[in-house]
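# Fold and geometry: a report
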Amino acid sequence: MTKKSTVLACLTLAATLSLPSSAFADYECSFTGFNEQMGDFTTQYPVNSDWGVRASYQYAYFLGAEGLKILQNYRSCLSDADFAANYQALVNSRDTGRDSCAKVSSDGACSPTYPGN
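Computed from a predicted model, the values in this text were never measured in an experiment.

## Overview of the overall build of the protein
The helix and strand tally for the protein stands at four helices and zero strands. Along the protein, from the amino end to the carboxyl end, the secondary structure elements read α-α-α-α. The 117 residues of the protein split such that 43% are buried. In the protein, the share of contacts with a sequence separation of at least 24, taken over all contacts with a separation of at least 6, comes to 64%. Accessible surface for the protein amounts to roughly 5900 Å². Of this, 52% is attributable to carbon and sulfur atoms.

Shown next as structure tokens:
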């Protein structure tokens, strides 16, 4: 995967899922609330188009890991289908980002932290 396609995949995932940054109590317990919280999260932690491949993969790892934490807050108010679809997308982001980041890292290590700007 090229740097450009990796960044585009991250942006697409972020736009599709929309992540959170504030306390769950600030959001309606609904699919809309989940999307709003994810949107706030990606605004707080934006993709940087100048990142290299490793940082782009690390961001996908971070986005997936943090998104799964956020999603758990909405388990009781999402339909099974909505929860499952978002869960799978976030797991895929986390796992693909983690594995790909490790492959391109000189020491084979990668963590689900924001790569910074």
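## Structural notes on the state of the cysteines
As enumerated under the stated definition, the model contains two disulfides in all. Sulfur-sulfur distance for the disulfide between Cys29 and Cys77 comes to 2.1 Å. What sets the handedness of the Cys29 and Cys77 disulfide is the S-S torsion sign, and at about -95° it is left-handed. Placement of Cys29 in the loop between helix H1 (3-17) and helix H2 (31-44) and of Cys77 in the loop between helix H3 (53-72) and helix H4 (80-104) is noted, with a sequence separation of 48 residues between them. Here Cys101 connects covalently by a disulfide to Cys110, the sulfurs 1.9 Å from one another. Every disulfide takes its handedness from the sign of the S-S torsion; for Cys101 and Cys110 that torsion is 80°, giving right-handed. What makes Cys101 buried here is its relative accessible area of 0%.

## Some remarks on H3
Between its first and last C-alpha atoms H3 spans 29 Å; for 20 residues at 1.5 Å apiece the expected length is 28 Å, and the two agree. Among the 20 residues that make up H3, 15 are buried, leaving the element largely enclosed by the rest of the structure.

## Topic: the packing of H2 against H4
Packed helices, taken two at a time, are described by the angle between their axes plus the distance between the axes. Two numbers describe how H2 lies on H4: the axes approach to 12 Å, and their chain directions differ by 20°. Considered as vectors, H2 and H4 are oriented roughly parallel to each other. You can see that H2 and H4 cross each other, and the crossing is left-handed. Here H2 contributes Phe31, Phe34 and Met38 to the contact with H4, which in turn contributes Asp82, Asn86 and Leu90. Grouping the constituent residues of the contact of H2 with H4 by class yields four nonpolar, one polar and one charged.

## Considerations on the packing of H2 against H3
Put simply, H2 and H3 touch, their axes get as near as 11 Å, and they point 145° apart. The handedness of the crossing between H2 and H3 is right-handed. The segment H2 lies against H3, with Phe34, Gln37, Met38, Phe41 and Thr42 engaging Tyr59, Phe62, Leu63, Glu66, Gly67, Ile70 and Leu71. Residues that form the contact of H2 with H3 fall into these classes: eight nonpolar, three polar and one charged.

The rules behind the values
Residues numbered from 1 in each chain as written. Predicted model: local features only at pLDDT ≥ 70, side-chain atom pairs only at ≥ 80, totals over all residues. Heavy atoms only, no water. Helix = DSSP H or I, 4+ residues; strand = E, 2+ residues; numbered from the N terminus. Buried < 20%, exposed > 50% of the residue type's maximum accessible area, 1.4 Å probe, protein only. Contact = heavy atoms within 4.5 Å. Areas by Shrake-Rupley, 256 points an atom, 1.4 Å probe, with all protein chains shown as cover. Disulfide = S-S within 2.5 Å. Expected span 1.5 Å × (residues − 1). Axes fitted to C-alpha atoms, helices over the stretch in contact; angles between N-to-C directions. Parallel < 35°, antiparallel > 145°, perpendicular 65-115°, else oblique. Left-handed = near helix turned anticlockwise from the far one by under 90°. Nonpolar A, V, L, I, M, F, W, Y, C, P; charged D, E, K, R; others polar.

In short, shape yes, function no, at least from these values alone.
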